[in-house]
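Spelled out from the first residue to the last, the chains are:
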Amino acid sequence: MGMKRLMAMQTLYEAPRPAAKPGETVVTSTCGHNCGGRCVVNAHVIDGRIQKISTDSRRWNPEHPPLPACARGVGQIERTYHPDRLKHPMRRTGPRGSGQFERISWDEALDTVARELLRVRDKYGNGAILDGSRSGSTSKLHSRSTLRRFLHMFGGCTDLWSNMSCEAEVYSVAATFGPETHYKAAGREPTDYVNSKLIIMWGWSPGDGTFGTGTMPYLKHAKQQGTRIVCVDPRRTRTSKILADEHIFIRPSTDAAALIAMAYVIVKEGLHDQAFCDRHVLGFDEATLPDSAPAGSSYRAYLMGEPDGLPKTPEWAAAITGIPAETIRRLAIEFGETKPAAIHGGYGPGRSAYGEQFHRAAYALAAITGNTGIPGGNSGASNGATGYCGIGGLPTGANPIDSKVSSPLLADLLARGKSGGHPADIKLIYSCGGDLFNQAPNAKKIAESLDGVEFIVGQDHFLTPTTRHADIVLPATTFWERNDIHLPWAGAGHYAIYMKQAIAPMYECRDDIDILGDLAQRVGINGYNTQSEEDWLRDFTQDKIDDFDAFKENGVARLPAPEDAVAYAKHIRDPENHPFSTPTGKLELYSTMIADNPDPYGLGAIPPIPTWVPHAEDNAEFPLRYCSAKSRARAHSVHGNQPKLSRVDPDDIWINTADAAARGISDGQDVRAFNQHGATVLPARVTDDVAPGVVTIKEGAWFTPGGDGIDSEGSANAITSDFSAPSGATTYNSNFVEVQLA
């Protein structure tokens with residue numbers, strides 16, 4: 001074995017921080033929140049207080065890239081010492097949502113929570129308890145897993161089961177490539193971008209949402225080496241302005257139609273890879289359909305219009321998407337003729353009424369052109385290839401009861417419960433590290449549907465739009481006040497970061513696992529927290545970290561690179577020994593999983609092949625299509641109360657120049673965006689960087705309604721509808737609004 005290969009198999013430990021000055025300690029960690037990066041942040045501590053935050057300052061190189069933080073990482077100091085930090089347990093004294101609380105002791109707070117948990121379980125059953133945890137912290141120990149472990153040991157709870165960011169992709173990866181692949185390992189390493197001659201970034205903007213700390217530098221590197229980059233998006237994003245050779249505007253929620261029309265052109269022009277499809281793909285044409293499939297149900301038959309008499313031509317798609325037919329045709333031919341080419345489908349287009357169809361259509365385009373599983377190609381997913389790198393996390397066990405609701409239906413669950421067909425009437429909500437009342441669709445409806453909820457616990461750092469409604473508020477530590485481990489967010493990279501504690505817990509704040517450990521004792525749960533913090537972390541890493549002490553001391557472990565930088569390379573290279581984990585062992589464009597169970601969640605039937613399902617017709621009352629985007633000043637709603645950081649990416653509503661002129665709106669004027677669900681007020685950004693007929697707001701601003709119910713802070717979910725895609729995906733980007741001067 002060569003020395004180069006041997007070195008590639010070793011784990012390297014490094015300390016990407018400056019030397020401490022006299023009287024100073026420098027501690028390496030990473031932001032614990034659900035942002036798109038996993039970067040180095042170094043706390044410079046003097047006399048027990050963080051004085052400044054630095055980051056990895058090494059020069060970028062493709063062989064060993066640094067892990068520099070963005071403004072959010074440096075902004076952690078503003079967050080940690082924010083005057084509004086929760087300092088001690090509190091009990092609500094005024095109406096829900098009023099923010100009126102009184103200070104109480106930890107014993108009184110935990111005794112009250114324990115009593116209410118037992119009362120609700122005894123009176124209504126475990127289904128009446130809703131797990132309101134989410135992704136405010138996504139590290140391996142101190143995360144929502146602490147509450148899930150507790151509630152499962154308590155007998156179970158109602159679970160908001162679907163991934164609010166990307167359930168459409170989670171479902172589609174399993175249906176197309178098989179359930180054994182984690183969706184975060186279904187794409188490719190950023191190191192492979194340079195091998196592509198063409199990259200289509202479809203609804204994917206890592207310059208705004210990050211999507212892996214090294215993603216943008218590797219894309220820039222690829223562009224410098226001659227890779228052509230095309231962006232398809234309703235907005236001309238920061239990413240597009242920096243990288244794109246061409247930007248193509250598209251109407252939100254219509255992406256599947258454009259991809260299907262591109263596939264039509266590729267097949268019609270004979271640019272598809274028939275040999276690849278014959279060997280690896282199920283259901284591309286009639287010859288590769290399973291015996292159980294009806295005649296005429298192949299993807300090729302659908303494209304040509306054989307079942308419905310409607311060929312999926314560029315002209316057909318142009319009327320739906322707003323992309324000129326000649327542009328669709330040209331892009332399709334370019335993608336079919338360029339080898340290798342990669343399509344990266346972001347999460348945004350999947351957050352739509354039939355979002356699973358977007359992802360499956362993207363995977364189909366990659367497959368029929370023979371770009372899946374090859375260097376420079378891609379599956380169609382935008383994640384990396386390493387997933388969680390084989391490092392574990394706090395075990396939660398299984399939920400003992402089957403009480404599940406798709407996450408975007410939270411408002412309807414609270415409003416109607418069993419009468420609306422849901423499995424339970426919710427009587428108690430425990431929110432830990434989540435801001436569901438802000439981040440789930442239809443925030444106004446959520447706030448107005450809490451009368452039947454008898455008790456709410458809010459465990460967090462601030463009085464967020466969720467914890468403001470709590471009956472008991474419990475102050476938790478931030479990641480600077482505890483030890484943990486974190487991994488690259490999108491599986492985009494093979495490293496781990498040790499999150500070393502920098503300061504003692506502030507005020508009366510406690511770690512989530514310790515809070516729930518005390519509650520466990522009060523409600524009769526044994527064996528909840530069985531190890532020390534360090535022992536848990538050693539267990540999580542025992543299979544991948546060969547020197548835990550070096551990892552803890554240095555801060556960053558560079559793990560061995562995967563054998564293949566592109567997902568499914570083994571499956572394509574050696575299909576006999578490495579079949580896909582689908583029932584047929586093939587990449588399934590005709591999904592046997594879906595064909596056998598077309599309505600898996602009771603949310604609507606899903607066709608077994610990628611299909612355009614009409615749903616985005618124009619709305620006369622609310623004529624503007626509405627979608628939300630990522631803010632560079634927030635990680636979802638985290639940082640939403642930081643005025644200094646907010647200047648990095650101020651909140652506004654993007655409206656096309658022509659649409660603004662028709663409404664008498666000038667740039668910078670306050671406007672009201674509204675629909676049947678609610679309204680929000682924020683400044684207008686009049687620009688041609690958004691498609692005509694489309695408006696966009698950055699998600700995560702804190703829902704702050706006045707007496708009239710109108711939000712005053714530009715909350716994206718003040719004007720979204722609470723309905724679910726058939727796969728369980730959120731539908732943030734399938735909404736219509738009107739905009740007027742405020």
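The structure presented is a predicted model; accordingly, all values stated were derived computationally and were not measured.

Participant: Hey, could you go over the packing of aromatic side chains for me, with residue numbers and the actual values?
Facilitator: As enumerated under the stated definition, the model contains 20 aromatic pairs in all. Between Phe150 and Phe154 the ring centres are 5.9 Å apart and the planes differ by 10 degrees, which places this aromatic pair in the stacked class. Judged by relative accessible area, Phe154 falls into the buried class, the value being 2%. Through successive ring pairs, a cluster of aromatic residues spans Tyr193, Trp204, Phe211, Tyr347 and Trp489. The ring of Tyr81 is capped by Arg49, whose NZ or CZ atom sits 3.8 Å from the centre of that ring. Lys427 extends its terminal NZ or CZ atom over the ring of Tyr124, reaching a point 5.4 Å from the ring centre.

Participant: So, the sheet that holds strand 3 (residues 41-46): which residues are in play, and what are the values?
Facilitator: Within a beta sheet, neighbouring strands are joined by backbone hydrogen bonds and run either parallel or antiparallel to one another. Taken in spatial order, the 3 strands line up as 2-3-4 in an open sheet, and their pairing is antiparallel. Looking at the sheet topology across the chains shown, the edges are occupied by strand 2 (25-29) and strand 4 (49-55). The mean angle between the axes of side-by-side strands here comes to 30 degrees, regardless of whether they run parallel or antiparallel. Here strand 2 pairs with strand 3 via 5 bridges, running antiparallel. Paired with Val26 across the two strands is His44, which belongs to strand 3.

Participant: Please provide a residue-by-residue account of the side chain of Gln439, values included.
Facilitator: Within the fold, Gln439 resides in helix 17 (residues 436-439). Discounting chain neighbours no more than four positions away, the residues touching Gln439 are Met164, His636, Ser637, Glu699, Gly700, Asn717 and Tyr732.

Participant: Give a detailed account of the pairing of strand 17 (residues 472-475), specifying residues and quantitative values.
Facilitator: Alternating positions in strand 17 separate into two faces, Ile472 and Leu474 on one and Val473 and Pro475 on the other, with burial throughout. As judged from the 2 bridges shared by strand 5 (residues 90-92) and strand 17, these two strands associate in the antiparallel manner. Within the sheet, the bridge partner assigned to Arg91 lies in strand 17 and is Ile472. Both strand 16 (residues 455-460) and strand 17 contribute to a ladder of 4 bridges, which runs parallel.

Participant: Report on the pairing of strand 10 (residues 228-232), specifying residues and quantitative values.
Facilitator: Most of strand 10 is tucked away, with 4 of its 5 residues classed as buried. Where strand 9 (residues 198-202) lies against strand 10, 5 bridges are found, and the strand directions are parallel. Directly across from Ile199, in strand 10, lies its bridge partner Ile229. Strand direction decides the pairing type here: strand 10 and strand 11 (residues 246-248), joined by 3 bridges, are parallel. Bridge pairing in strand 11 links Val232 to Ile248. The β-α-β motif built from strand 10, the intervening helix 9 (residues 238-243) and the parallel element strand 11 has right-handed crossover chirality.

Participant: An account of empty space enclosed by the protein is requested, with residue identities and associated values reported.
Facilitator: A full pass over the atoms with the stated rule returns 4 cavities of 30 Å³ or more. The volume enclosed by the largest cavity comes to roughly 570 Å³. In terms of lining, the largest cavity is formed by 38 residues, of which the most central are Gly203, Gly348, Arg351, Ala629 and Lys630. Those elements that place two or more of their residues in the lining of the largest cavity are helix 7 (206-209) and strand 22 (624-629).

Participant: I'd love a proper account of the environment of Gly155, names of residues and values included.
Facilitator: One can find Gly155 in the loop between helix 5 (145-153) and strand 8 (159-160). In sequence terms Gly155 and Arg558 are 403 residues apart; their C-alpha atoms lie 40 Å from each other. Discounting chain neighbours no more than four positions away, the residues touching Gly155 are Asn126, Pro400 and Ile401.

Participant: Run through the pattern of salt bridges, naming residues and quoting values.
Facilitator: Under the defined criterion, the tally for this structure stands at 45 salt bridges. Put simply, Arg148 and Asp159 hold a salt bridge, and the shortest N to O gap is 3.4 Å. Separated by 11 residues along the polypeptide, Arg148 in helix 5 and Asp159 in strand 8 bring together distant segments of the chain. Each member of the pair, Arg148 as well as Asp159, carries the same accessibility label: buried. Here Glu738 and Arg663 are joined by a salt bridge, their closest N and O atoms 2.7 Å apart. Note that Glu738 is positioned in strand 27 (residues 735-741) and Arg663 in the loop between helix 25 (657-662) and strand 24 (670-675), a separation of 75 residues in sequence. Look at Arg663 and you get partly exposed, because its relative accessible area is 23%. In the salt-bridge network here, residues are joined through shared partners; they are Asp208, Arg632, Asp649, Asp652 and Lys698.

Participant: Which residues make up the packing of helix 10 (residues 255-268) against helix 14 (residues 325-337), and what values go with them?
Facilitator: It is at 8 Å that the axes of helix 10 and helix 14 come closest, and there the two elements cross at 60 degrees. The orientation of helix 10 relative to helix 14 falls into the category oblique. Crossing of helix 10 over helix 14 shows right-handed handedness. Counted together, Ala258, Ala261, Met262, Val265 and Ile266 of helix 10 and Ile328, Arg329, Leu331, Ala332, Ile333, Phe335 and Gly336 of helix 14 form the full contact between these two elements. Split by residue class, the contact of helix 10 with helix 14 holds 10 nonpolar, 1 polar and 1 charged.

Reading the values: the criteria
Sequence order as written defines residue numbering, which begins from 1 separately in each chain. Predicted model: local features are reported for residues with pLDDT of at least 70 only, side-chain atom pairs are reported and counted for 80 or more only, and whole-chain, interface and lining totals are derived from all residues. Note that water and hydrogens are dropped before the side-chain values are worked out from all heavy atoms of the structure. Stacked, tilted and edge-to-face are the three classes assigned to paired rings of Phe, Tyr and Trp, where Trp is represented by its six-membered ring and a pair needs centres within 6.5 Å; plane angles under 30 degrees give stacked, over 60 edge-to-face, the rest tilted. In this scheme, a residue with accessible area under 20% of its type's maximum is buried, one over 50% is exposed, and one in between is partly exposed, where area comes from a 1.4 Å probe on protein chains only. By definition, being over a ring means that NZ of Lys or CZ of Arg is both within 6 Å of the ring centre and within 35 degrees of the ring normal. Should DSSP find at least two bridges between two strands, the strands are regarded as paired. A run of H or I in DSSP counts as a helix once it spans at least four residues, and a run of E counts as a strand once it spans at least two, with each numbered from the N terminus. Between N-to-C directions, angles cover 0 to 180 degrees, with each direction set by a line fitted to C-alpha atoms, over the stretch in contact for helices. Any two residues whose heavy atoms approach within 4.5 Å at even a single point are treated as in contact. By definition, the crossover connecting two strands over a helix is right-handed if that path, from the first strand to the second, turns clockwise as seen with the strands pointing away from the viewer. A 1.4 Å probe that fits but cannot get out identifies a cavity on a 1 Å grid over protein atoms alone, an open set with protein on both sides within 12 Å along at least five of seven lines counts as a pocket, and a residue lines either if it has an atom within 4 Å of a point. Grid points are joined across faces, edges and corners, and a volume is the space filled by probe spheres set on the points. We count a salt bridge whenever a side-chain nitrogen from Lys or Arg sits within 4 Å of a carboxyl oxygen from Asp or Glu. Each angle receives one of four descriptions, namely roughly parallel if under 35 degrees, roughly antiparallel if over 145, roughly perpendicular if within 65 to 115, and oblique otherwise. For a crossing to be left-handed, the near helix must be turned anticlockwise from the far one by less than a right angle; the clockwise case is right-handed. Each residue is assigned to one class: nonpolar for Ala, Val, Leu, Ile, Met, Phe, Trp, Tyr, Cys and Pro, charged for Asp, Glu, Lys and Arg, and polar for all the others, Gly among them.

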